[in-house]
Amino acid sequence: DGGITQSPKYLFRKEGQNVTLSCEQNLNHDAMYWYRQDPGQGLRLIYYSQIVNDFQKGDIAEGYSVSREKKESFPLTVTSAQKNPTAFYLCASSIPVLNQPQHFGDGTRLSIL
Amino acid sequence: AQSVAQPEDQVNVAEGNPLTVKCTYSVSGNPYLFWYVQYPNRGLQFLLKYITGDNLVKGSYGFEAEFNKSQTSFHLKKPSALVSDSALYFCAVRDSYSGAGSYQLTFGKGTKLSVIP
């Protein structure tokens, strides 16, 4: 079955440490997205990519970085510059057409030790 | 610019009763509207979308949504609620006047639906 796989499901970060969240899709979608979800705040866009080797900042990109070297993969690095990284992180993908929905993975919950 | 509002943080409904989860939107062009459901510690699941045409859209699990252009609303409905419908529901919008090549969705803050047995 096609879908989006996020790993790990739970992740713990120490002070001053960078961590990388994995997102892989086998839906053959060109566009991929990273969102941060905090209670009561809905989803906020961190980064998005509409094609391989290209990505754009979203609304809250500070303290995060991404790469898009392969169509199937869009890893997110939470750097030590992100002072409040505790959140639920969601990866999504879509066909880049206006009337198409985004499809989501099951998320990674990041906590600070 | 595109925006979406879900005016209710929480909706409680008795099992078997009809349910409505409200959503209003603002766009510059024509709206593309979506509803998603999220269960605890899971990702968002797509329920239904409005693109154009019939104002009543039918989706997964017996849900439907009514598009009202004059009220800029897209409320989610179900004739008879189930306990298993208890979850977090998100409305999302995309503007047909989005910047070139931009396919971003803007999400509401979510409404927690509790169906009481």
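Sequence positions are assigned chain by chain, starting from 1 and proceeding in written order. All chains are assigned letters beginning with A, and all ligands numbers beginning with 1, in the order in which they are written. Restriction of local features to residues with pLDDT of at least 70 applies here, the model being predicted, together with a cutoff of 80 or more for giving and counting side-chain atom pairs; totals for whole chains, interfaces and linings are based on all residues. Side-chain numbers come from the whole structure's heavy atoms, not from hydrogens or water.

Trainee: Can you help me understand the pairing of strand E8 (residues 64-68) of chain B in this one?
Mentor: The side chains of a regular strand alternate, first on one face of the sheet and then on the other. Residues and elements named next belong to chain B. Should DSSP find at least two bridges between two strands, the strands are taken to pair. Each helix corresponds to a stretch of at least 4 residues labelled H or I by DSSP, and each strand to a stretch of at least 2 residues labelled E; elements are numbered beginning at the N terminus. The pairing of strand E7 (residues 56-58) with E8 spans three bridges and is antiparallel. If you follow Leu56 over to E8, its bridge partner there is Glu66. Between E7 and E8, which pair antiparallel in sequence order, lie five residues; one of them, Tyr61, sits at a positive phi of approximately 60°. Inspection of the sheet shows E8 paired to strand E9 (residues 73-78) by five bridges, in the antiparallel sense. Its bridge partner being in E9, Glu64 is matched across the sheet by Lys77. Between E8 and the antiparallel strand that follows it, E9, lie four residues; Thr72 among them carries a positive phi value of about 45°.

Trainee: Just checking my understanding: could you explain the state of the cysteines for this structure?
Mentor: Each disulfide consists of one covalent bond between the sulfur atoms belonging to two cysteines. Our working definition of a disulfide is a cysteine sulfur pair at a distance within 2.5 Å. Inspection of the entire model under this criterion finds two disulfides over all chains. Each disulfide pairs two cysteine sulfurs, and for A:Cys23 the partner residue is A:Cys91, the sulfurs being separated by 1.9 Å. Judged by the sign of its S-S torsion, about -75°, the bond between A:Cys23 and A:Cys91 is left-handed. Of this pair, A:Cys23 sits in strand E3 (residues 19-25) while A:Cys91 is found in strand E9 (residues 87-94), placing the two residues 68 residues apart along the sequence. For the pair shown, A:Cys23 and A:Cys91 are each scored as buried. Disulfide pairing is shown between B:Cys23 and B:Cys91; the S-S distance is 2.0 Å. Each residue is placed in one exposure class: buried if its accessible area under a 1.4 Å probe, protein chains only, is under 20% of its type's maximum, exposed if it is over 50%, and partly exposed if it falls in between.

Taken by themselves, the reported measurements are silent on function.
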